[in-house]
Amino acid sequence: MGAHELRKRRKSTLGYTPWLSLTKTWSLSTLGQLKEASLSFTEAEKRLREHGPNVPLEYSFPRWWHLLWNALFHPFNIILIVLSVLSFIALDYPNGAIMLILVFISVTLRFYQEYGSSKAAMKLSEFVRCPIKVQRCAGRIVQKELVVQVDQREVVPGDIVIFEPGDLFPGDIRLLSSKQLVVSQASLTGESSTADKAADIREDHSTPLLDLKNICFMGTNVISGTGTGLVISTGSNTYMSTMFSKVGKKTPPDDFEKGLRRIFYLLISVMLAVVTIMFVVNYTTSLNLSESILFAISVASALNPQMLPLIINTCLAKGALAMAKDRCIVKSLTSIREMGSMDILCIDKTGTLTMNHAIMVNHLDCRGLSQEKVLRYAFLNSYFKSDQKYPLDDAILAYVYSNGFKFQPSKWRKIDEIPFDFIRRKVSVILETGDIHSKFFGRYMITKGALLEVLRVCSYIENFNKDETSIFTTYDYQRILNLSEDLSNEGLRILGVAIRKLEMLQTCETSKGRKREDEDIEKDMVFLGLITFFDPPKDSAKQALWRLSEKGVEAKVLTGDSLSLTTRVCREVGISTTHVITGPELEQLDQDTFHDKVKRATVFARLTPIQKLRVVQSLQTIGNHVVGYLGDGVNDSLALDAADVSISVDSGVAIAKDMADIILLEKDLNVLLAGVEHGRLTFGNTMKYVKMSVIANLGSVISLLIATLVFKYEPLTSRQLLTQNFIYSVGQIAIPWDKMDEEFVKTPQKSSERGLIMFILWNGPVCTLCDVTTLLFLLFYYKAYTDVTQKFFHSAWFIEGLLLQTLIIHLIRTEKIPFIQDVASWPVIFSTVVTSAVGIALPFTPIGKVMDFTLLPLSYFGFLAVLFLGYFTVGQVVKRLYVLVYKRWL
Ligand SMILES: Nc1ncnc2c1ncn2[C@@H]1O[C@H](COP(=O)(O)OP(=O)(O)OP(=O)(O)O)[C@@H](O)[C@H]1O
Ligand SMILES: [Mg+2]
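Keep in mind that this is a model prediction, so the values were computed, not measured. (Residues numbered from 1 in each chain as written. Chains lettered and ligands numbered in written order. Predicted model: local features only at pLDDT ≥ 70, side-chain atom pairs only at ≥ 80, totals over all residues.)

**Student:** Help me understand the overall build of the protein, please; the structure alone is not making it clear to me.
**Tutor:** A count of helical and extended segments in the protein gives 33 helices and 24 strands. The 890 residues of the protein split such that 45% are buried. Within the protein, residue pairs in contact and separated by at least 24 positions form 74% of the contacts whose partners lie at least 6 positions apart. (Helix = DSSP H or I, 4+ residues; strand = E, 2+ residues; numbered from the N terminus. Buried ≥ 20, exposed ≤ 12 C-beta atoms within 10 Å, placed from the backbone. Contact = placed C-beta atoms within 7 Å.)

Here's what the structure looks like:
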């Protein structure tokens, strides 16, 4: 759907009006609830039964007629249907029926396949967890409010949900509370700008729906800030579902498909021109209008690459099913082919190169000595920070609880928070302790985050040996950096901790209630020390990366973490660290140097989400690479959206999973390796069909033209032509089950339109040469040029054409010598044998009589054996020359 259409839709309010202007209490009571009270588990269950599972229309299993329509609605099918209708009008029922049967086979097989692969994906997608935090109350007599995690499918209208950065809204929501909430509505508007949302705003009815501040929509996601909201509609009743069901969501064709379509449209126009010439020649010689029209229709139908949609889809569906076996969910089928073309894979560090089991190791002051105070404040920060999603916080809490520290968080009250985000890379909480009138009262701001970010806001440093604070000097700075360098080299992750005593009632808000700039308050802090964590490198990563590089996929690490640690981890898993760069360094570069650095560097550290995006875009546009991106965080979502193949993990945040084309149930690079192989196989088999069918079709159209001009009568009757086309089209269905040359699977494969045209120009004439030789042989050896020999000519030409079109695949499918150096997989061999046998046997059957075939002499089959031997020899020589010139075959 275009941005224009989306903008138009924003204007309608689709029945949401009652929710807009009225108060939160009204919203609650309309849903049958008391003021801000959450649902009980029993009530939630009841509502779930009433409203059904919370699955937006877009993600529910496609209706069968939708799949059928998809399978049917393809230009090649339409052409065939039109031609068949024309045949029926001309009262040639058998021809019309043959064409319809072809459409029927192609459409049913494609439908069956899509149904199967959608079902497999759907089944697997049930494993994908979408945990949502909701408030529910429990207890029969005394009701107690609990915050529980339920699956998105179980969220019902009336639920109160709690959300944080990275979350997708699990329904359309009326905000109840919000804190600096910024939301991305790109999935609905198509525009990348973000929107501020706030609970305490009364909108009026004239505000366009998507501009409403107090409503958040399903499918949109939280960029930063936190809040709670009341779910007002779920599943197919959400705005997103109503919008997509009205407009219809269509994935636009990718570059590969667009290229293919252009080539085939070109081909069809050439064919139409040739068909017109044939019609004219035929009509001027025979003066039989209906016969000439039927012949032209048959030629057009025979030249239509009608199996293309089926073959493309079968290849992709086979890839998706194979990947499903590796517990990999393919959301967008075409991404499998892109996987085969991918030559750069951007990966993150945590969980991909490391185990993602961060364990806290120590709490050090700037001299590297263990200090309890550092741990206490780090703990208070993690304890009071509102979202607990980041594993480092869990690691701190686990360390404190398991080592018996008693920091008594109950003595502290949380006043305020500046939430964590991936640009600031730190989180601050404002806490209070003691009675406000007592002398023990104190209000503190405690900050924890990436070391360099924390150091930037520190003006003082705690001297633990003297128990005093002193001015932060460059000497201190250097000492801390040296210490952190040493720790990183030991493979430890580091966070810095700092504190600041605030004046009496200082918070993040100004007196007017507006948010202060973070810098206003996060400054002049006292540096306390460092917390270190250990996240062991993953054993399997090294081997997987090595095998990926063997397959021509270069890995680049894009992370928000520090350079020294990333370098250390990368070295351990065998990633080159000769070219490394950090986000702040990238910012300093001009355009050209930026692209150059991005091209060379293998490790990018301290990147912000936008920098991750810029790196991916630079690789795509300037480097002309097909870029894959594996990431699981909210900070990866921009880059995931831009990448050619976006991959996420089940444990990742909702928005990352939403952006991804492929979701891994386990974060393992080895699974991707298998994906790359499937991708190349898919690509290879599709290209085989495309090249083969274009060559065969063009070859035969030219031969038909020559034969028509030479003989002044149809070289085949229209029925024979259609039958020939029918038999060999059905035979091609086996192609997706073929294998590829090892050399082909070794390197990333990319299609090029120019390459395809050159391929056709080189190899097409070999087919025509074969046909013309047959023509000359029939003409001079069998003297088949009179009306009496017409039947003989038709039978001979029919068999030769059929066998040639069936055998071409063996020449095209491999760079090696067919049958000698490389044999096709058994389904292809089987289909070749059956197709040839059917063709040869046809004249001996009653159908053959109906179709006006005669029996052919044995000598003709002898000639055919020699002819095809010659065809393969000449074809192989042309192939060698082609590879010599273009350095590749398929
Ligand atoms: N819970 C936290 N509290 C404070 N700071 C944190 C926390 N989690 C992460 N950070 C800081 O933010 C930085 C970036 O986070 P993180 O390393 O997760 O980024 P990333 O780009 O997702 O990296 P990765 O490639 O490892 O997934 C970290 O280096 C760390 O300094
Ligand atoms: Mg991450």
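**Student:** Teacher, can you tell me more about the domain arrangement of the protein here?
**Tutor:** A common measure of how large an interface is: the accessible area buried when the components associate. Its domain assignment divides the protein into domain 1 (3-64 + 127-247), domain 2 (281-321 + 678-886), domain 3 (328-355 + 537-665) and domain 4 (359-534). The interface is formed by 9 residues belonging to domain 1 together with 10 residues belonging to domain 3. Looking at the side of domain 1 that touches domain 3 residue by residue, the classes come out as 5 nonpolar, 2 polar and 2 charged. (Domains from an automatic or database assignment. Nonpolar A, V, L, I, M, F, W, Y, C, P; charged D, E, K, R; others polar.)

**Student:** Got a minute to help me understand unusual backbone geometry in this structure?
**Tutor:** Glycine aside, residues mostly have negative phi angles, and peptide bonds mostly take the trans form. At Arg-425, a residue that is not glycine, the phi angle is positive and equals roughly 55 degrees. Mapped onto the fold, Arg-425 is located in the loop between strand E12 (412-418) and strand E13 (426-433). You will see that Asn-624, though not glycine, has its phi angle at about 55 degrees, which is positive. Asn-624 gets classed as exposed once you count the C-beta atoms within 10 Å, which come to 9.

**Student:** When you look at the environment of Thr-285 in this model, what are you seeing that I'm missing?
**Tutor:** Inspection of the secondary structure assignment puts Thr-285 in helix H10 (residues 255-286). Separated by 334 residues in sequence, Thr-285 and Leu-619 place their C-alpha atoms 60 Å apart.

**Student:** Mind showing me how you'd approach the pairing of strand E15 (residues 458-463) here?
**Tutor:** Taken residue by residue, a regular strand's side chains alternate between the two faces of the sheet. Pairing geometry for E15 and strand E18 (residues 525-534), over 3 bridges, is parallel. Across the sheet, the residue bridging to Ile-461 is Phe-527, located in E18. Pairing of E15 with strand E16 (residues 468-471) involves 4 bridges; the strand directions are antiparallel. Counterpart to Tyr-460 in the pairing with E16 is Ile-471. The hairpin formed by E15 and E16 contains 4 residues between the paired strands, and Asp-467 there has a positive phi angle of roughly 55 degrees. (Pairing = 2+ DSSP bridges.)

**Student:** Explain the environment of Leu-209 to me, please; I cannot follow it from the model alone.
**Tutor:** On the secondary structure map, Leu-209 appears in the loop between strand E6 (194-197) and strand E7 (215-216). Here Leu-209 falls in the buried class, since 20 other C-beta atoms lie within 10 Å of it. Once the C-alpha coordinates of Leu-209 and Tyr-239 are considered, the two residues, 30 residues apart in sequence, prove to be 9.6 Å apart.

**Student:** Which parts of the structure should I look at to understand the site of ligand 1?
**Tutor:** Taken together, 21 residues lie near ligand 1, and Asp-348, Thr-350, Ala-450, Thr-559 and Gly-560 sit nearest. For the shell around ligand 1, the elements supplying multiple residues, two or more each, are helix H15 (391-402), E13 and strand E14 (442-449). The residue makeup of the shell around ligand 1, split by class, is 7 nonpolar, 7 polar and 7 charged. The residues that make up the shell around ligand 1 include at least three from each of domain 3 (328-355 + 537-665) and domain 4 (359-534). (Near = placed C-beta within 6 Å.)

**Student:** Looking at this structure, how should I read the packing of helix H29 (residues 753-780) against helix H33 (residues 858-886)?
**Tutor:** Two packed helices can be described by the angle between their axes and the distance between those axes. In contact at an axis separation of 10 Å, H29 and H33 are set at 160 degrees when each is read in the N-to-C sense. Here H29 is positioned roughly antiparallel relative to H33, judged by the angle of their axes. In terms of crossing hand, the pair formed by H29 and H33 is right-handed. Residues Met-758, Trp-762, Asn-763, Val-766, Leu-769, Cys-770, Thr-773, Thr-774 and Phe-777 of H29 lie in contact with H33, whose contacting residues are Phe-863, Leu-867, Tyr-871, Val-874, Gly-875, Val-878, Tyr-882 and Tyr-886. Tallied by class, the residues present in the contact of H29 with H33 amount to 13 nonpolar, 4 polar and no charged. (Axes fitted to C-alpha atoms, helices over the stretch in contact; angles between N-to-C directions. Parallel < 35°, antiparallel > 145°, perpendicular 65-115°, else oblique. Left-handed = near helix turned anticlockwise from the far one by under 90°.)

**Student:** Just checking my understanding: could you explain the sheet that holds strand E20 (residues 580-582) for this structure?
**Tutor:** For sheets, the rule is that strands pair by backbone hydrogen bonds, running either parallel or antiparallel. Pairing is mixed in the open sheet, where 8 strands are placed in the order E9-E24-E23-E22-E10-E19-E21-E20. Unpaired on one side and paired on the other, strand E9 (328-330) and E20 mark the two borders of the sheet. Strand-to-strand twist across the sheet, computed as the mean angle between neighbouring axes with direction ignored, equals 20 degrees. Strand direction decides the pairing type here: strand E19 (residues 554-558) and strand E21 (residues 603-605), joined by 2 bridges, are parallel. By the bridge assignment for E21, Val-557 is matched with Val-603. Relative to the sheet, helix H20 (residues 563-572) contacts E19, E20 and E21, its axis offset from that of E21 by approximately 150 degrees.

**Student:** What's the story with the UniProt feature "transmembrane region" (unreviewed entry) in the protein in this structure? I'm lost.
**Tutor:** The feature "transmembrane region" (unreviewed entry), as annotated in UniProt, sits at residues 67-90, 96-112, 263-281, 689-711, 756-782, 794-812, 824-846 and 858-878 in this numbering. Along residues 96-112 the backbone is 100% helical and 0% strand, and the end-to-end C-alpha distance reaches 24 Å. Each end of residues 756-782 is marked by a C-alpha atom, and these two atoms are 38 Å apart; helix forms 93% of the span and strand 0%. (UniProt positions renumbered as here; feature names shortened; annotations may be inferred.)

**Student:** So what exactly am I meant to see when it comes to the nonpolar core here?
**Tutor:** The nonpolar side chains of a soluble globular protein tend to be buried with one another. Within the largest apolar cluster, 174 residues are counted, with the highest numbers of intra-cluster contacts made by Val-299 and Ile-808. Looking at this core element by element, the count peaks at 16 residues for helix H26 (residues 669-711). If we ignore the near neighbours within four places in the chain, the residues touching Ile-808 are Met-692, Ile-695, Ala-696 and Cys-767. Counting 41 residues, the second largest nonpolar core, distinct from the first, contains Tyr-399, Ala-450, Leu-455 and Ile-531. (Core = buried A, V, L, I, M, F, W, Y, C linked by C-beta atoms within 7 Å.)

**Student:** Can you help me understand helix H30 (residues 790-812) in this one?
**Tutor:** What sets the pattern is the α-helix's 3.6 residues per turn: residues three or four places apart point alike. In a regular helix each residue adds 1.5 Å, so 23 residues correspond to 33 Å; H30 covers 33 Å between its end C-alpha atoms and thus fits that length. Of all 23 residues in H30, 20 are buried; the element is thus mostly enclosed. (Expected span 1.5 Å × (residues − 1).)

**Student:** What am I meant to see in the packing of helix H14 (residues 372-384) against H15 here?
**Tutor:** At their nearest, the axes of H14 and H15 sit 9 Å apart, and the two run at 125 degrees to each other. The angle between H14 and H15 places the two elements in the oblique class. Between H14 and H15 lies a crossing of left-handed hand. Residues Leu-375, Ala-378, Phe-379, Ser-382 and Tyr-383 of H14 form the contact with H15, whose participating residues are Asp-393, Ile-396, Leu-397 and Val-400. Of the residues assigned to the contact of H14 with H15, the class counts are 7 nonpolar, 1 polar and 1 charged.

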